Amino acid sequence: MASTLRVDTLAYGSAMLVDRLLGFFLLPLLTRAIVPADYGAWTQTAVAAGVLMPLVLFASSTAVVRYFSAAVSAHDRRRAFAQLGGVALLLFALCIAFVWAFSTPLASLVYGGPEYRGLMPALLVLLAADAVTEFSVAWLRAAGHIGRVAIALVMRSAVRYGAVLLLVSGAALPLVDWLVRYAASQLALAMGVLGATLWVLWRTPSPARPVASPSLRELLAFSAPLVALALFTSLNGLLDRFVLVQLLGLDDVAVYAAAVSLCAIPAAFYSVLGFTLFPVLARHWQAPRLDEASRLMTLALRVFLFLCIPVAALLAVAGQWVLPLLTTGAYVAPTAVFFLLGLSVSAAGTYQILLYALLLDGRSRQVLGIIVLATVINLTLNLWLARGLGVVGAAAAAAVSNLVMVGVSARLVGRVLHWNFPWSWLWTTVGHAVLAMLPLGLLLAWGELSLPLAAAATTFGALVYLALDWRRAESIFRIAVGRLALHEKSPDESSRLR
């Protein structure tokens, strides 16, 4: 089981690395090819599609992983695939009708003005593409085909970057024209992923002893509270954009969105860990092997924080210098924005890992209460702080709301499992990251910084961070090196190490 988890994590992690790299290259491509207002509208389209996604899929992705990661018969898988797909189609049709009926006020809400209503078709096509991909990936994930998921993600990233490159380079089309063509390219690829998923499901044989699968009514009953949970989760993560576009306009949203894109790099760590961790935790929970589930969750949390904290610290120190280099001189944000966004991403990833234990224990209502509380705090702080502090206020609101979710969820997980948050380990890791970033911070404070000098200081800081971790009793770096060394040891010695 542990070996499978490592292989799946490596496969999905490699795909996520490619996805993040290509997404990272999109930032300079778009910000240099189009004006800030158009870049802001581009990001708002993706944000709005993300908010609508839970309403279209009705949390079916979580239900699929929860109930169909076990040994379910092929007939039951196909039946549930068709039923849940039909529900999603119906909900998408209702979404189209709603957007068509209220396109003008929705354009004002999403983009800050009714003149952007022409972007609504692109928003709907992009929503369809994302929903189809998410639905297909959930089934591949439940069936254990992480390699195919990785291929699908790499293809989606390549098509996304290629389509944008073709559409905005040279004689660029107006935003309303190229954005809908971009969304159509994403939908075409999503339909290809859907076809591959159908091929996999129809060729997968039934297990020797299949377990009972839930009916559609049971699946929808499980998903219903999760819809509100997913909706509020999306709102909590994206609420700042809707407030900023009303208070400051698309130009400031563009700067904030560019800073968010840069600071979201550590999000790849919890995306990878959570993607492969949740199905494994579900199997341990059903066994039941709660001690093993607790151990895996704690290890995943430490691995995430070990990887996330130094990257967040690096971006907090150098983000103000890096962002204009990647984009243009129009994209300048204060250092406080990068620090607060890094704190927000670190807290969001921690919460996502803790969330799995609460969902598997059937605490959907408590989880919903956590996210509703965080969303209310986020909205209140945004309306209060963003008006006077602008993008700094929006980043502060996001960080505070995510930290609240971590505090409450950690207490609840302690009631579900024999588990305590590794606070002392966390503070030591933060201290190591601060020491590792001191050379780069001093160079930036001293004056002008060149790319070679910044790279040298960052490399030196990374070596310091790894060396400090190596000396610890619970060293994540030593665990990783030990895992790699297992392949070079005898079976008996490998067993003792495990």
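Reference entry: report on the structure contained in this document.

### Things to note about the packing of aromatic side chains
So, step 1. Tallied over the entire structure, the rule returns 12 aromatic pairs.
So, step 2. Between W42 and Y182, the aromatic rings sit 4.9 Å apart at their centres with planes inclined by 50 degrees, giving tilted as the arrangement. Taken as a pair, W42 in helix α2 (residues 36–57) and Y182 in helix α8 (residues 175–203) lie far apart in primary sequence, 140 residues in all.
So, step 3. Seen in terms of ring centroids, W423 and W427 are 6.0 Å apart; in terms of plane orientation they differ by 20 degrees. Their pairing is stacked. Taken together, the residues span about one helical turn, with W423 and W427 both in helix α16 (residues 423–446) at a distance of four residues.
So, step 4. Assessed through its relative accessible area of 43%, W423 is described here as partly exposed.
So, step 5. Residue W427 is classed as exposed on the basis of its relative accessible area of 55%.

### Digging into the packing of α16 against helix α17 (residues 451–470)
So, step 1. Their axes nearest at 9 Å, the elements α16 and α17 cross at an angle of 160 degrees. Put simply, α16 runs roughly antiparallel to α17. The way α16 lies across α17 gives a crossing that is right-handed. Here T429, H432, A433, L435, A436, P439, L440 and L443 of α16 come into contact with α17, specifically with L453, A454, A457, T458, F460, G461, V464, Y465, L468 and D469.
So, step 2. The residue makeup of the contact of α16 with α17, split by class, is 13 nonpolar, four polar and one charged.

### Here we look at the side chain of S136
So, step 1. Inspection of the secondary structure puts S136 in helix α6 (residues 120–142).
So, step 2. We classify S136 as buried; its relative accessible area is 0%.
So, step 3. Within the structure, S136 has its side chain in polar contact with the backbone oxygen of V132 (distance 2.9 Å).
So, step 4. Among residues more than four places away in sequence, those in contact with S136 are V193, L194 and T197.

### Details of the nonpolar core
So, step 1. Core analysis: the largest hydrophobic core is formed by 147 residues, its most contacted members being Y39, Y111, W139, W178, Y182 and W419.
So, step 2. Here this core takes 16 residues from helix α13 (residues 335–360), the largest share from any one element.
So, step 3. Ignoring sequence-local partners within four residues, the contact set of W419 consists of S294, M297, T298, L301, L354, A410, V413 and G414.

### Thoughts on a nonpolar patch on the surface
So, step 1. A cluster of nonpolar side chains, V434, L435, L438 and L442, forms an exposed patch at the surface whose accessible area comes to about 370 Å².
So, step 2. Tracing the backbone through its elements, the reader meets L442 in helix α16.

### Remarks on the environment of A318
So, step 1. Following the sequence through the fold, A318 ends up in helix α12 (residues 290–326).
So, step 2. Between the C-alpha atoms of A318 and G441, which are 123 residues apart in sequence, the distance is 7.6 Å.

### Quick word on the layout of surface pockets
So, step 1. When its volume is computed, the second largest pocket comes out at roughly 600 Å³.
So, step 2. Taken together, 26 residues line the second largest pocket, and the ones lying closest to its centre are I309, F339, L343, S346 and V430.
So, step 3. Contributions of two or more residues to the lining of the second largest pocket are made by α12, α13, α15 (391–416) and α16.
So, step 4. Looking at the lining of the second largest pocket element by element, the count peaks at nine residues for α16.
So, step 5. Its residues assigned to classes, the lining of the second largest pocket shows 21 nonpolar, five polar and no charged.

### Details of the side chain of S475
So, step 1. Structurally, the position occupied by S475 is in the loop between α17 and α18 (476–485).
So, step 2. Within the structure, S475 has its side chain in polar contact with the side chain of D469 (distance 2.7 Å).
So, step 3. Separated by 3.0 Å, the side chain of S475 and the backbone nitrogen of R478 make a polar contact.
So, step 4. Contacts of S475, omitting those with residues within four sequence positions, involve D469 and W470.

### Quick look at the environment of G388
So, step 1. Within the secondary structure, G388 is located in helix α14 (residues 364–389).
So, step 2. A relative accessible area of 67% places G388 in the exposed class.
So, step 3. Sequence separation between G388 and L247 is 141 residues; the distance between their C-alpha atoms is 9.9 Å.

### Let's talk about empty space enclosed by the protein
So, step 1. Within this structure, the stated rule accounts for one cavity of 30 Å³ or more.
So, step 2. Each pocket or cavity is described by its volume, and for the largest cavity that value is around 40 Å³.
So, step 3. Lining the largest cavity are V56, L57, F58, S60, L84, V87, A88, L220 and S223.
So, step 4. When residues of the lining of the largest cavity are traced back to their parent elements, those giving at least two are α2, α4 (74–101) and α9 (216–247).
So, step 5. It is α4 that contributes the most residues to the lining of the largest cavity, three residues altogether.

Cut-offs used in this document
Residues numbered from 1 in each chain as written. Predicted model: local features only at pLDDT ≥ 70, side-chain atom pairs only at ≥ 80, totals over all residues. Heavy atoms only, no water. Phe/Tyr/Trp six-rings, centres within 6.5 Å; stacked < 30°, edge-to-face > 60°. Helix = DSSP H or I, 4+ residues; strand = E, 2+ residues; numbered from the N terminus. Buried < 20%, exposed > 50% of the residue type's maximum accessible area, 1.4 Å probe, protein only. Axes fitted to C-alpha atoms, helices over the stretch in contact; angles between N-to-C directions. Parallel < 35°, antiparallel > 145°, perpendicular 65-115°, else oblique. Left-handed = near helix turned anticlockwise from the far one by under 90°. Contact = heavy atoms within 4.5 Å. Nonpolar A, V, L, I, M, F, W, Y, C, P; charged D, E, K, R; others polar. Polar contact = N/O pair within 3.5 Å; in protein donor to acceptor, adjacent residues only side chain to side chain. Core = buried A, V, L, I, M, F, W, Y, C linked by side-chain atoms within 4.5 Å. Patch = residues over 30% accessible without salt bridge, like charges linked within 9 Å, V, L, I, M, F, W, Y side chains within 5 Å. Areas by Shrake-Rupley, 256 points an atom, 1.4 Å probe, with all protein chains shown as cover. Salt bridge = Lys/Arg side-chain N within 4 Å of Asp/Glu carboxyl O. 1 Å grid on protein atoms, 1.4 Å probe; cavity = no way out; pocket = protein on both sides within 12 Å on 5 of 7 lines; lining within 4 Å. Points joined across faces, edges and corners; volume = space filled by probe spheres on them.

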